[in-house]
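Observations on chain architecture
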Amino acid sequence: MDTIGALFHGFAIALTPGNLLAVFLGAFIGTVIGVLPGLGPTATLALLLPITIGMDMVTALIMMSGIYYGAMYGGSTTSILVNIPGEAASVVTCLDGYQMARQGRAGPALGMSAFGSFIGGTVSVVAVMLISPFLAETALKFGAPEMFALLFFAFVCIGGLTGRSRAQGLLMATAGLLLGAIGTDDIQGVDRFTFGRLYLQDGIGLVPLAMGIFGLGEILYNIEKREAQGAILETPKSLMPTAEDWKRSALPIARGSLLGFGIGIIPGGMPAIASLMSYAVEKRVSRRPEEFGHGAIEGVAGPETANNAATAGGFVPLLTLGIPTNSVLALMLAAMMLHGVTPGPLLLLKWPDVFWGVIASMYIGNIMLLVLNVPMIGLFVQILKVPYGILSPLIIMFIMLGAYALKNSVSDVLATIVFGLAGYLMKRFGIEPAPLILAFVLGPMLENNLSKSLIMSHTGNPLFFFARPIAGVLLSLALLVLIYPLARWAWRRWAPGRDRRGRCESAGGNG
Amino acid sequence: MNVDRFLGMGAVMLAIPVAVASWGFGVGSPKSPGAGFWPLLIAFVMAGLGLTLILRPTPNAGGETGESRWGKFGISLVTLLFYVAALEPLGYLPATAVMLLVQLRWVESRSWRTSITIALVAAVVSLILFRVLLKVSLPTGVIPLPRGW
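What you are looking at is a predicted structure, and each value in this text was computed from that prediction instead of being measured. (Residues numbered from 1 in each chain as written. Chains lettered and ligands numbered in written order. Predicted model: local features only at pLDDT ≥ 70, side-chain atom pairs only at ≥ 80, totals over all residues.)

Another point: the overall build of chain B. Scanning chain B for helices and strands turns up five helices and two strands. The N-to-C order of helical and strand elements in chain B reads α-β-β-α-α-α-α. Computed over its C-alpha atoms, the radius of gyration of chain B comes to 24 Å, more than 25% above the 15 Å expected for a compact globule of 149 residues. Dimensions of chain B, computed from the C-alpha atoms along their principal axes, are close to 60 × 45 × 25 Å. Relative to its 149 residues, chain B shows a buried fraction of 37%. (Helix = DSSP H or I, 4+ residues; strand = E, 2+ residues; numbered from the N terminus. Rg over C-alpha atoms; globule rule 2.2 N^0.38 Å. Buried ≥ 20, exposed ≤ 12 C-beta atoms within 10 Å, placed from the backbone.)

Take the overall build of chain A next. Each helix and strand in chain A was counted, giving 22 helices and two strands. In terms of C-alpha radius of gyration, chain A reaches 23 Å, essentially the compact-globule figure of 24 Å for 511 residues. On the principal axes, the C-alpha backbone points of chain A span a range of 70 × 70 × 55 Å. Across the 511 residues that make up chain A, the buried fraction comes to 58%. Across chain A, contacts joining residues at least 24 apart in sequence account for 78% of those joining residues at least 6 apart. (Contact = placed C-beta atoms within 7 Å.)

Before going further, it helps to spend a moment on the interface of chain A and chain B. Taken together, the contact between chain A and chain B spans 51 residues of the former and 56 residues of the latter. Contributing elements (two or more residues each) for the side of chain A that touches chain B: helix 3 (41–52), helix 8 (166–181), helix 10 (206–224), helix 19 (388–407), helix 20 (410–428) and helix 21 (434–457) of chain A. In terms of residue count, the dominant contributor to the side of chain A that touches chain B is helix 19 of chain A (11 residues). Residues of the side of chain A that touches chain B, tallied by class, amount to 29 nonpolar, 14 polar and eight charged. (Nonpolar A, V, L, I, M, F, W, Y, C, P; charged D, E, K, R; others polar.)

Non-glycine residue A:His458 carries a positive phi angle of around 65°. Following the sequence through the fold, A:His458 ends up in the loop between helix 21 and helix 22 (469–494). Residue A:His458 is classed as exposed on the basis of its 10 C-beta neighbours within 10 Å. Positioned with a positive phi, B:Ser109 is a non-glycine residue whose angle comes to about 55°. The residue B:Ser109 is located in the loop between helix 4 (92–107) and helix 5 (112–133) in this model. Residue classification places B:Ser109 among the exposed positions, given that 10 C-beta atoms sit within 10 Å.

Think of two packed helices as two axes; the pair is described by the angle between the axes and how far apart they sit. Residue and element names in this part refer to chain A. Remark: helix 4 (residues 57–82) packs on helix 6 (residues 106–139), axes separated minimally by 10 Å, with the N-to-C direction vectors making an angle of 160°. Considering their axes alone, helix 4 and helix 6 lie roughly antiparallel with respect to each other. In terms of crossing hand, the pair formed by helix 4 and helix 6 is right-handed. When helix 4 is examined against helix 6, the residues Tyr 69, Met 72, Tyr 73, Ser 76, Thr 77, Ile 80 and Leu 81 are found in contact with a partner set consisting of Ala 106, Ala 109, Leu 110, Ser 113, Ala 114, Ser 117 and Gly 121. Along the lines of polarity and charge, the residues of the contact of helix 4 with helix 6 split into nine nonpolar, five polar and no charged. (Axes fitted to C-alpha atoms, helices over the stretch in contact; angles between N-to-C directions. Parallel < 35°, antiparallel > 145°, perpendicular 65-115°, else oblique. Left-handed = near helix turned anticlockwise from the far one by under 90°.)

Domains assigned within chain B are domain 1 (3–55) and domain 2 (70–133). Using only C-alpha atoms to locate each centre, domain 1 of chain B and domain 2 of chain B end up separated by 41 Å. (Domains from an automatic or database assignment.)

Moving on, we get to the confidence of the model for chain A. The predicted coordinates of low-pLDDT regions are not to be read in fine detail. Across chain A, the average pLDDT comes to 86, with 94% of residues at or above 70. Note that pLDDT drops below 50 for residues 502–511 of chain A; the model gives that stretch 17 contacts with residues more than four away or on any other chain. (pLDDT = per-residue confidence, 0-100.)

What follows is about the environment of A:Leu209. Residues and elements named next belong to chain A. With respect to the element layout, Leu 209 can be found in helix 10. Overall, Leu 209 belongs to the buried group, with 27 C-beta atoms counted inside 10 Å. With 203 residues separating them in the primary sequence, Leu 209 and Asp 412 have C-alpha atoms 9.2 Å apart. Setting aside anything within four residues of it in sequence, one finds Leu 209 in contact with Ile 204, Phe 419, Ile 437 and Phe 440.

Let's shift gears to helix 6 of chain A. Residues and elements named next belong to chain A. Over its 34 residues, helix 6 extends 46 Å from the first C-alpha to the last, a length consistent with the 50 Å expected when each residue adds 1.5 Å. A maximum bend of about 30° is found in helix 6 at Ile 131, where proline Pro 133 lies one to four positions downstream. Most of helix 6 is tucked away, with 24 of its 34 residues classed as buried. (Expected span 1.5 Å × (residues − 1). Bend = angle between axes of the 7 residues up to and from the residue.)

Residue and element names in this part refer to chain A. Counting through the fold element by element, Met 240 comes out in the loop between helix 10 and helix 11 (243–264). Met 240 sits in the exposed class, given 12 other C-beta atoms within 10 Å. Placed 99 residues apart in sequence, Met 240 and Lys 141 show a C-alpha to C-alpha distance of 49 Å.

Among the structural elements, B:Pro39 can be located in helix 2 (residues 37–55). Once the C-alpha coordinates of B:Pro39 and B:Tyr83 are considered, the two residues, 44 residues apart in sequence, prove to be 34 Å apart. Every residue in contact with B:Pro39, bar those within four places of it in the chain, is listed here: A:Leu178, A:Ala181, A:Arg192, B:Val18, B:Ser22 and B:Phe25.

A few words on the packing of helix 11 of chain A against helix 12 (residues 271–285) of chain A. All names here are of chain A. Packing of helix 11 against helix 12 leaves a shortest axis separation of 9 Å and a crossing angle of 140°. Of the possible angle classes, the one that applies to helix 11 and helix 12 is oblique. Considering how the two elements wind past one another, helix 11 and helix 12 form a crossing that is right-handed. On helix 12, the residues touching Pro 252, Arg 255, Gly 256, Leu 259, Gly 260, Ile 263 and Gly 264 of helix 11 are Ile 273, Ala 274, Met 277, Ser 278, Val 281 and Glu 282. Residue composition of the contact of helix 11 with helix 12, grouped by class: seven nonpolar, four polar and two charged.

Next up, the structure:
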C-alpha cells in the first residue's frame, strides 16, 4: 500500500463514530488540562491508562494522542490570560502573550497561538507520515547491537538535554535505570532489590511512578508553596489576528514548524525545549529584538508552533523504533504494550491500523482543536476561574483512584504517594524528573539488548559494537555527546592564553 | 547546601549497597552476563556521576518565592496515608469522602458547607463514573451499595 492509499485507510479508521468521539474527547480533555495549571498530560494519561485497557487499541491511542496535543493548545490560554503557564511548553508564551493581553490584544495572541499550533501540528504530522515508513524499513535491519547503540544514544541525549546540568540529568536517568531494574530478572529469574516483597517482584509500575512524580508531586508542591494567582483577564471578543500580525508571524511559524519537528524526534526533545529554542531563535533573527518581552507577536507565534510540531515529531521514534522521547510518549508506549502491541519497526507491517489510524486522527484533531478553541475560549476562561483550592483535592482523588484501578492494589496507591513525595522534592530543589521516567522505560530494553549483544559477540569485548557500522556510528555519536562538554571545559580551563576560570587573560572579559 | 553536592553524595552512598547486592545476584562474565551485571554497571555509572556532581556542582537554582505552609503539607500527607490504610477496610466511598473533606476543610481552608458538599458529591459521582459506568473494580467496604453497582 502506498502512503496516500495507507493514509486514506487511516482516515477510514479515524472517521468511524467511536474514533471521532475519541478525537473530540482527547482534544477537549487535553485543552482543559492544558488550561489548568498543575495537571499536565503525563499525569492525565497515567490516570486514564487503566480505563484504556477496556477500550479498542486504536481508539485508546487516538484519545491519548488528542490529550497530548490538546494540552499544548490549552497551555497557551493560561499563559496569555493569567501569566501562569498551563504547561511547561507554554512558559515562554507568558513573556509576550501576557504583555499582549495587558495591551488589550489577548484575542490576536490567542488566535495566533491557535493558528500557529494548527500549522505546526499539521506540518509535523505530514513529516511523520513521510519519514516513518522509511525509518521503520531501515530499523528492520537492526539487530541487538544496533538497538543497544540506538537506545544508549537516546539515554545520553535524554540525560544531557533535559537536566539543569548534564551530570545531574544523567544521574536522574541512571536512577531511572536502577528503578527499572527492580523486580524478577527476565532471563535468569533472579529477584533483584525486591526485599522479599511480592509487590516488587513484578517491578515498579510506570503509572504510580508517573502519576506520583508528575501529578501528586506538583500538587504537594503547590500545597506547600501557594503562589498568588494573577488577575484573570476578561474573555476577548475576537481572536482574529490583523494582517500585520500575520505578516510578522509567517516566518516564525515556518521556522517553528521545522525546529519543533526536528527537536521532537530527538530523544529528550520535549515540546518545552522546542518552544524555548524557538523563542531564542526568533529573538536573535528579529529586526526588533527590543520588542521581545513587551508584547511581540513573534514571541507567541514561534514557540506555540514549535511546541505542537515537537509533539507530533515525537511520534516518529515512538512508532518506528519503539523509543519514547518524553514521559507522555512513554505512557503511550505502556498503553500499547498493555494491548499486546509492540511499537517499533514491525508496527507498520503487523499493526498498520494503529499507525495510520493515529496519524489520520492527528489531522482531524488539529482541525478540531482550531475549531474548538475559537468558540470555546469563554468556557476555558470560566474553567480558569475555578479556585485551585477546590481543584487540587479533586485531582488528588483522581490520582489515587487511577493508582488503585490499574491492578486493584493498595500497594500501588502507597507507591504513588512515595513517588509523589519524591516528585515534590525534585520540584522543590529544581531537579528535572523527565530523565528518570524515560530511563525507567528504556532501562529494560537497554539491558536486554546489551545482554544479547554481549552473548552474540562470543568474547564480551565492547569493541564488537564498533565492528558493526550502524552500531559503531550511533555509539560514536553518543560518546561525542558525552565527551563534548568535558572537552569544552578542559579547553576553557587549560588552553593557552586563558586563566583558570576560562577567561582570556589579555582581554580580561568573557572567554 | 548545594543540591548537586547533596545528590552526588546520595548517589555515591546508594551505589555502594547496589554494587554489593549486584554481586550477590551473580555478575557472570562480559560474554555471559548474569542477573547482577546490569545493576553493577548502573552502580558504577551512578558512583561516577555522583563524584562528578560532588566535584563540579552547578549553583542552586534561583531563590524560592512565597512562604512555606508546612502545617498544611503535613496534614495533606497524613490524609493520603490514612487513605491507603482505610481504602480497603472502609471502602472507596467513605475513605474518599473523608480524604476530600480533610483536604478541602483543613488544607484548602474552605467552609464546612463547601467542604462537605464537594466531598460527598465528588465521592459519589466518581464511584458512579468509575465503578458503574467504566466497570472499574473499587472496594465496597462498610457501606452497602445498591444492587448492580
